[in-house]
Amino acid sequence: MEVKEEEREVEEQIERLFKGEGSEVTTLDVVPDQLRPVALRKTVSYIVCAVVFNDKEVLMVQEAKQECYKQWYLPAGRMEERESIQEALRREVKEEAGLDCEPITLLLVQEQGPQWIRFIFLAKVTGGSLKTLMEADQESLQACWWDRKSPLPLRGRDILRLIEAGLQYRQAPGHQVTLPVELSCSYVVQRLVLTFTSQHQVWVLLVKAPAPHLPCAVAVKTHAVIWAANMVVQEAVPSSYYDHEVNTLGVLSLQHQGRQPGKTDGVCFNTLVALVPDRVQRNEDGDRVDWVETNQPPPVENPRYHWYKVQNEALREGILEKTKNSSIVPIQSLY
């Protein structure tokens with residue numbers, strides 16, 4: 001089958017996203033009724049969190065805030081205006097732990113809708129000295145290296161999972177090194193590499209105009225960020241929506257460049273999404289019916305969309321591998 005030049009460009013874009021690169025957000029395909037650029041610390045809050053190891057010990061900081069005074073946590077804090085995500089991480093580790101650091105890779109993204117997103121990084125020390133009680137200030141009281149065995153009053157046990165994710169990545173990286181790409185965006189957006197696979201064939205959902213492209217959906221504050229994928233599926237294949245699961249498998253890359261407060265405070269998550277048939281189906285009366293495999297994606301009902309069958313063999317194998325093993329940065333909804 002001959003591949004059109006525009007669709008070949010989409011394949012090349014997917015390949016770039018698979019490498020952890022970015023792509024300008026030029027078109028928004030699914031948007032809420034009232035669309036306004038997000039503003040950091042006003043309508044959205046981004047948190048950075050560092051998992052830093054010294055051999056087998058993990059870097060911890062003792063809280064100075066009244067509500068969690070003297071309790072221990074990973075170095076973490078809110079991003080400030082005009083910062084990049086990496087700059088915010090370096091600043092927080094320096095302020096709270098006294099150490100200079102560099103991010104190694106994004107480990108995990110957690111979100112409670114577009115208004116609260118946390119970026120967890122594996123990072124390494126590049127300089128500085130561990131903060132002591134003599135240097136206590138409003139940012140923290142002190143820092144220490146924790147062996148994870150000695151008693152330590154924790155501010156929250158949620159960090160144990162984050163520490164474990166860092167240990168697992170050091171032992172056997174589950175995804176390639178992934179760091180934010182500095183490209184501006186005005187909204188919290190999910191760009192979808194939305195796939196349907198069957199018998200080693202792969203289809204990707206595209207928006208037709210103004211030229212074939214991957215769907216971009218703006219997150220809404222009443223739902224998880226990754227609910228944007230569901231909105232796209234509901235719009236493209238409404239009759240088949242409840243017969244399929246919409247699985248956002250993870251983040252291929254993310255884009256942020258907040259140099260213009262109130263204008264470029266958004267984030268674009270380039271995500272891999274699998275549309276998977278629900279093999280337990282029921283009729284209108286609620287009775288279970290046999291599932292019949294069609295080996296084809298559900299028919300598109302909205303003329304804005306169409307399924308593109310991937311022709312590039314290497315890309316097809318890459319998509320199949322990632323959808324099978326989820327070897328990309330996890331995104332966890334806490335909504």
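See the structure shown above.
S.K.: How would you explain the overall build of the protein if you had to name every residue and give the values?
M.R.: Within the protein one finds 5 helices and 16 strands. Relative to the 2.2 N^0.38 estimate, which gives 20 Å for 335 residues, the radius of gyration of the protein is 22 Å and therefore close to what a compact globule would have. For the C-alpha atoms alone, the extent of the protein along its principal axes is close to 70 × 40 × 40 Å. Per-residue burial over the protein gives 53% buried out of 335 residues. When contacts within the protein are restricted to residue pairs at least 6 apart in sequence, long-range pairs at least 24 apart make up 75% of them. Accessible surface, the protein: about 16,200 Å² in total, of which carbon and sulfur atoms supply 46%. Looking at charge distribution, the protein has the averaged site of its 37 positive side-chain charges lying 4 Å from that of its 47 negative ones.

S.K.: Tell me about unusual backbone geometry, and name the residues and values.
M.R.: If a residue is not glycine, its phi is most likely negative; likewise, a peptide bond is most likely trans. A cis amide bond links Ala 209 with the next residue in sequence, Pro 210, at an omega value of 5°. Checked against the element boundaries, Pro 210 lands in the loop between strand 9 (201-207) and strand 10 (216-218). Look at Asp 55: it is not a glycine, yet its phi comes out positive at around 60°. Mapped onto the elements, Asp 55 comes out in the loop between strand 1 (45-54) and strand 2 (57-62). Judged by its relative accessible area of 56%, Asp 55 is exposed.

S.K.: If you had to explain the pattern of salt bridges to someone new, which residues and values would you point to?
M.R.: Pairing is possible between side chains of opposite charge, provided their charged atoms come close. Counted by the stated rule, this structure contains 15 salt bridges. Its salt-bridge partner being Arg 91, residue Glu 95 comes within 3.2 Å of it at the nearest N-O pair. Taken together, the residues Glu 95 and Arg 91, both in helix 2 (residues 85-97) and 4 residues apart, mark about one turn of the helix. Glu 95 sits in the partly exposed class, given a relative accessible area of 26%. In this structure Arg 91 comes out as buried when scored by relative accessible area, which is 15%.

The rules we used
Residues numbered from 1 in each chain as written. Predicted model: local features only at pLDDT ≥ 70, side-chain atom pairs only at ≥ 80, totals over all residues. Heavy atoms only, no water. Helix = DSSP H or I, 4+ residues; strand = E, 2+ residues; numbered from the N terminus. Rg over C-alpha atoms; globule rule 2.2 N^0.38 Å. Buried < 20%, exposed > 50% of the residue type's maximum accessible area, 1.4 Å probe, protein only. Contact = heavy atoms within 4.5 Å. Areas by Shrake-Rupley, 256 points an atom, 1.4 Å probe, with all protein chains shown as cover. Lys, Arg positive; Asp, Glu negative; His and termini not counted. Charge placed at Lys NZ, Arg CZ, Asp CG, Glu CD. Salt bridge = Lys/Arg side-chain N within 4 Å of Asp/Glu carboxyl O.

Nothing here speaks to function; it is all geometry.
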